Amino acid sequence: MTQGRVVLPLPFVVWRWTDQTHNAAVQARTALGCALDQLGCVGEAASDVVWAVSELVANAVEHAVGPYEMRLRPCEEQGIVCEVEDGDPRIPPLPNYSKGNPISPLEENRGGGSDALWAVLSEHGRGLRIVHYLTHGHWGFQGWESGKVAWVRLPDPDQR
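Every value quoted in this text rests on a predicted model; they were computed, and no experiment measured them.

Undergrad: Help me understand the overall build of the chain in this model?
TA: When helices and strands are counted, the chain shows four helices and five strands. Counted from the first residue to the last, the chain has its helices and strands arranged as β-α-α-β-β-α-α-β-β. Scored against the burial criterion, the 160 residues of the chain give a buried share of 39%. Across the chain, every contact between residues at least 6 apart in sequence was considered, and the portion connecting residues at least 24 apart equals 68%.

In structure tokens, the structure reads:
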């Protein structure tokens, strides 16, 4: 990230899409990367947040109803929050996440034969672990009757 604090006067929408949008995660990475670049947020922390948000976008498209919206807003803890909103109020169960590698097999899938191998190779089930790993635990959900927001926080450059 650049030196100094980024100032966002108001929350603003980065991108909107529907469940009919092709390659939503790819388009989200592009839109968010451009927005962060225009704000002067570059470097490893910004790149990690872009990848984490693309996981949240993929989850929203797969598990929730649209329309969807991605936006940036200032954070009280002197950073920027990226939010992904969808139309499903259900918040997924959140296990305790370890600090280990998010793509390594879970303990219950080690040495367990072909079923465990398929669980390790599955494209599903690791998205939120990846989000947790990339954001150093600075993420979460907020829900209400008609939907929810999944959010990640970019750290302030002075705190890195």
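Undergrad: When you look at the environment of Arg 90 in this model, what are you seeing that I'm missing?
TA: By the element assignment, Arg 90 lies in the loop between strand E3 (79-86) and helix H3 (113-121). By relative accessible area, which is 59% here, Arg 90 ends up exposed. Through-space distance from the C-alpha of Arg 90 to that of Phe 141 is 9.7 Å; in sequence the pair is 51 residues apart. A polar atom in the side chain of Arg 90 sits 2.6 Å from the side chain of Asp 88.

Undergrad: Help me understand the nonpolar core, please; the structure alone is not making it clear to me.
TA: Side chains that are nonpolar tend, in soluble globular proteins, to be buried together. By size, the foremost hydrophobic cluster in this structure holds 32 residues, and its most contacted members are Val 53, Met 70 and Val 152. Not counting residues up to four positions away in its chain, the partners in contact with Val 152 are Val 49, Ala 52, Val 53, Leu 56, Ile 80, Val 81, Cys 82, Val 131, Thr 135, His 138 and Trp 139.

Undergrad: Help me understand helix H1 (residues 24-38) in this model?
TA: Two residues of an α-helix separated by three or four positions point the same way, owing to the 3.6 residues in each turn. In a regular helix each residue adds 1.5 Å, so 15 residues correspond to 21 Å; H1 covers 21 Å between its end C-alpha atoms and thus fits that length. Along H1, the residues that are buried comprise Ala 24, Ala 25, Ala 28, Leu 32, Ala 35 and Leu 36. One side of H1 holds all its buried residues, which, seen down the axis, span an arc of 95°. Set apart from the buried face of H1 by more than 90 degrees, the exposed residues are Asp 37 and Gln 38. Buried-residue contacts for H1 involve strand E1 (12-17), helix H2 (44-63), strand E2 (68-75), E3 and strand E5 (147-154). Just downstream of H1, Gly 40 is the residue with a positive phi angle, here 85°.

Undergrad: Is there a simple way to think about the packing of aromatic side chains in this case?
TA: How two aromatic rings sit relative to each other is set out by the distance from centre to centre and by the angle between their planes. This structure, assessed with the given rule, holds three aromatic pairs. Aromatic pair Trp 15 and Trp 17: ring centres 4.5 Å apart, planes at 15°, arrangement stacked. Here Trp 15 matches Trp 17 in class, with each residue buried. Seen from their ring centres, Trp 17 and Tyr 68 are 5.3 Å apart, and the 15° between their planes marks the pair as stacked. Placement of the pair is Trp 17 in strand E1 and Tyr 68 in strand E2, with a sequence separation of 51 residues. Here Trp 17 and Tyr 68 have matching classes, each one buried. Through a chain of ring-to-ring contacts, the aromatic side chains of Trp 15, Trp 17 and Tyr 68 assemble into a single cluster.

Reading the values: rules and limits
- Residues numbered from 1 in each chain as written.
- Predicted model: local features only at pLDDT ≥ 70, side-chain atom pairs only at ≥ 80, totals over all residues.
- Heavy atoms only, no water.
- Helix = DSSP H or I, 4+ residues; strand = E, 2+ residues; numbered from the N terminus.
- Buried < 20%, exposed > 50% of the residue type's maximum accessible area, 1.4 Å probe, protein only.
- Contact = heavy atoms within 4.5 Å.
- Polar contact = N/O pair within 3.5 Å; in protein donor to acceptor, adjacent residues only side chain to side chain.
- Core = buried A, V, L, I, M, F, W, Y, C linked by side-chain atoms within 4.5 Å.
- Expected span 1.5 Å × (residues − 1).
- Arc of directions from axis to C-beta.
- Phe/Tyr/Trp six-rings, centres within 6.5 Å; stacked < 30°, edge-to-face > 60°.

By themselves, these figures tell us nothing about what the structure is for.
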